[in-house]
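Here is what each chain is made of, one letter per residue.
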Amino acid sequence: MDKFCYSIDDEYCYGCYDSRIDAIEAAKDDLIASIDDEDLEYNKTFTIKTAKCDFYKPQINKWDVDDVIERINDRAYNHCGVDDYMDDLSKGDVDDLTKTLNEAFQKWVKENYKRECWGAEDIQEHFLTHADLGVEKTTALLNKGDK
């Protein structure tokens, strides 16, 4: 099931909501809290962005395994002067090691590491007015304009 986040500042994404509408409603609350008198005076239009959360799933890939093999080779050289310790591995050997390490890592993550993070994809802009947010010019500003 897709999840959605929002941004009111084009810098950070917030929340993880079940629908784009839920993300917009949460963004409205943040916008209302950030509105100042100048925004009200000039009847500013507000832009928020919503996006689908693209969850990061860590995994061990071929490049990670290449790094492991390189480090093992470095340690073999440092320990006993052998500079080609694992240079004879075939592509199949590396593929098998990649699969084995990734399976072990995925099991470990599932059992021990619950943190989630995500990137944003399918970004959409939404333009909101004061009426959309349910805010109006303050009485003080209306009186200021009458002077």
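Given the structure is predicted, the values throughout are model-derived calculations rather than measurements.

### Details of the pairing of strand S2 (residues 14-17)
Okay, step 1: Alignment of strand S1 (residues 4-7) against S2, held across two bridges, turns out to be antiparallel. By the bridge assignment, Tyr6 is partnered in S2 with Tyr14.
Okay, step 2: The antiparallel hairpin formed by S1 and S2 contains six residues in its connecting segment, where Asp10 sits at a positive phi of about 60°.

### With respect to the state of the cysteines
Okay, step 1: By the definition in use, this model includes zero disulfides.
Okay, step 2: Among the cysteines around Cys5, which has no disulfide bond, Cys13 carries the closest sulfur, lying 4.0 Å off.

### Quick notes on the side chain of Thr50
Okay, step 1: Within the secondary structure, Thr50 is located in strand S3 (residues 46-55).
Okay, step 2: For Thr50, a relative accessible area of 1% translates into the label buried.
Okay, step 3: Here Arg20 takes part through its side chain, which lies 2.8 Å from a polar atom of the side chain of Thr50.
Okay, step 4: When sequence neighbours within four positions are dropped, the list of residues in contact with Thr50 reads Cys5, Tyr6, Arg20, Ala23, Ile24, Asp122, Ile123, Gln124 and His126.

### Some thoughts on the nonpolar core
Considering soluble globular proteins, one finds that nonpolar side chains tend to be buried as a cluster.
Okay, step 1: Ranked by size, the top nonpolar core spans 13 residues in total, and within it Tyr6, Leu31, Ile35, Phe46, Ile48, Leu128 and Leu133 carry the most contacts.
Okay, step 2: Among the elements of the structure, S1, helix H1 (20-34) and S3 are those that each provide at least two residues to this core.
Okay, step 3: No other element matches H1, which puts five residues into this core.

Each value, and the rule that gives it
- Residues numbered from 1 in each chain as written.
- Predicted model: local features only at pLDDT ≥ 70, side-chain atom pairs only at ≥ 80, totals over all residues.
- Heavy atoms only, no water.
- Pairing = 2+ DSSP bridges.
- Helix = DSSP H or I, 4+ residues; strand = E, 2+ residues; numbered from the N terminus.
- Disulfide = S-S within 2.5 Å.
- Buried < 20%, exposed > 50% of the residue type's maximum accessible area, 1.4 Å probe, protein only.
- Polar contact = N/O pair within 3.5 Å; in protein donor to acceptor, adjacent residues only side chain to side chain.
- Contact = heavy atoms within 4.5 Å.
- Core = buried A, V, L, I, M, F, W, Y, C linked by side-chain atoms within 4.5 Å.

What is shown is where atoms sit, not what they do.
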